[in-house]
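A look at the structure
For reference, the chains in residue letters:
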Amino acid sequence: MSPTPLSLEYLLRPSSAIAEKKPAIFMFHGYGSNEEDLFSFASELPEELVVLSVQAPYRLEPFGHAWYAINFDAEYGKWSDDDQARTSRDKIVSFMDEACEAHNLDRENITLLGFSQGTILSYAVALSFPEKVKNLVALSGYINEKILLEGYQEKDHSHLNIYASHGQVDQVIPLEWAQKTPDFLSQLGIQHKYEEFPIGHGVSQQNFYSFRDWLVQQL
């Protein structure tokens, strides 16, 4: 389906729901990928969801996109452009508002799903603007406190539900970073489920079915 042009590029699978306002899931890919990557999940996700798979705004050469630059420096090693990440966080929030208006989405039933860098941004959106998100599926990522909205701790996170998972032999994002997630979420009073799988930086079939079952229970 050719979606209505909005501020970010995206793919859309319509909902089977007959309700006036439809629940939706926004999907955010990893570094160097594009909106087609996670859209492969769409056919296996609950039919009542409008599925929107979003392309990151920064183009990489020779191909792919990113939510923010990752730089490799001889002196400082690998570091992330947090300013770009915060800009992408706000771009996502604006896009979500546009999409809710354009596609008649239920603002009270919005799910985010991210992978890797897309998870880092999804955490930033959900923890900074919990009033805009009901559920978050956080795959192979971690929480970067530096890109959270100032004062996020004072917000009400009590209705937010988070599923987080990580590969035990992830060679891209260290498992230890993800293992900090449960304590972080508990301190904010957020209901969550955290799982690990015997895989690298990816989503196994077992991982997919686990988060899908969790998501069905939340809808």
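Structural notes, computed from the coordinates. Predicted model only: the values in this text are computed from it and were never measured.

Thresholds applied
- Residues numbered from 1 in each chain as written.
- Predicted model: local features only at pLDDT ≥ 70, side-chain atom pairs only at ≥ 80, totals over all residues.
- Heavy atoms only, no water.
- Helix = DSSP H or I, 4+ residues; strand = E, 2+ residues; numbered from the N terminus.
- Polar contact = N/O pair within 3.5 Å; in protein donor to acceptor, adjacent residues only side chain to side chain.
- Contact = heavy atoms within 4.5 Å.
- Axes fitted to C-alpha atoms, helices over the stretch in contact; angles between N-to-C directions.
- Parallel < 35°, antiparallel > 145°, perpendicular 65-115°, else oblique.
- Left-handed = near helix turned anticlockwise from the far one by under 90°.
- Core = buried A, V, L, I, M, F, W, Y, C linked by side-chain atoms within 4.5 Å.
- Buried < 20%, exposed > 50% of the residue type's maximum accessible area, 1.4 Å probe, protein only.
- Pairing = 2+ DSSP bridges.
- Right-handed = clockwise from strand over helix to strand, strands pointing away.

**Focus: the side chain of aspartate 170**
As for its placement among the helices and strands, aspartate 170 is situated in the loop between strand 10 (161-167) and helix 4 (175-179). There is a polar contact of 3.3 Å between the side chain of aspartate 170 and the side chain of histidine 166. Setting aside residues up to four positions removed in sequence, aspartate 170 forms contacts with Ser140, Ile199, Gly200 and His201.

**Regarding the packing of helix 2 (residues 82-102) against helix 3 (residues 117-128)**
Two elements in contact, helix 2 and helix 3, have axes separated by 9 Å at closest approach and are oriented at 65°. In terms of their interaxial angle, helix 2 and helix 3 are classed as roughly perpendicular. Both helix 2 and helix 3 take part in a crossing whose hand is right-handed. Here helix 2 contributes Ala85, Ser88, Arg89, Ile92, Val93 and Met96 to the contact with helix 3, which in turn contributes Leu121, Ala124, Val125 and Ser128.

**Regarding the nonpolar core**
Buried together is how nonpolar side chains tend to be arranged in soluble globular proteins. Phe26, Leu52, Trp67, Leu105, Leu112 and Leu127 are the most contacted members of the largest nonpolar core, which has 47 residues in total. Counting residues in each nonpolar core, the second largest holds 19 residues, with Ile25, Phe41, Val51 and Phe211 among its members.

**Details of the sheet that holds strand 8 (residues 105-115)**
Spatially, the seven strands line up as an open sheet ordered 1-3-2-8-9-10-11, and their pairing is mixed. The strands lining the two open edges of the sheet, one partner per strand, are strand 1 (10-13) and strand 11 (191-197). For this sheet, the mean inter-axis angle between neighbouring strands, taken without regard to orientation, is 15°. Where strand 10 and strand 11 come together, seven bridges link them in parallel fashion. In the strand pairing of strand 11, tyrosine 163 is matched with lysine 193. Its contacts with the sheet place helix 2 against strand 1, strand 2 (22-28), strand 3 (50-54) and strand 8, and it is angled at close to 135° to strand 8. Sitting on the sheet, helix 3 is in contact with strand 2, strand 8, strand 9 (135-139) and strand 10, with an inclination near 145° to strand 8.

**Section: the environment of lysine 132**
With respect to the element layout, lysine 132 can be found in the loop between helix 3 and strand 9. Between the alpha carbons of lysine 132 and arginine 107 there is a distance of 6.8 Å; along the sequence they are 25 residues apart. Once you skip the residues sitting within four places of it in the chain, lysine 132 turns out to touch Val93, Met96, Asp97, Arg107 and Ile110. There is a polar contact of 3.1 Å between the side chain of lysine 132 and the side chain of aspartate 97.

**Points about the pairing of strand 9**
The side chains of a regular strand alternate between the sheet's two faces. In terms of residue burial, strand 9 counts as a mostly covered element, since five of its five residues are buried. On strand 9, burial covers both faces: Asn135, Val137 and Leu139 on one face and Leu136 and Ala138 on the other are all buried. Two elements, strand 8 and strand 9, share five bridges in a ladder whose sense is parallel. Bridge assignment links leucine 113 to a residue of strand 9, and that residue is valine 137. Of the crossover connections in this fold, the one passing from strand 8 over helix 3 to the parallel strand 9 is right-handed. Looking at chain direction, strand 9 and strand 10 are connected through five bridges and run parallel. Note that in strand 10 the partner of leucine 136 across the bridge is isoleucine 162.

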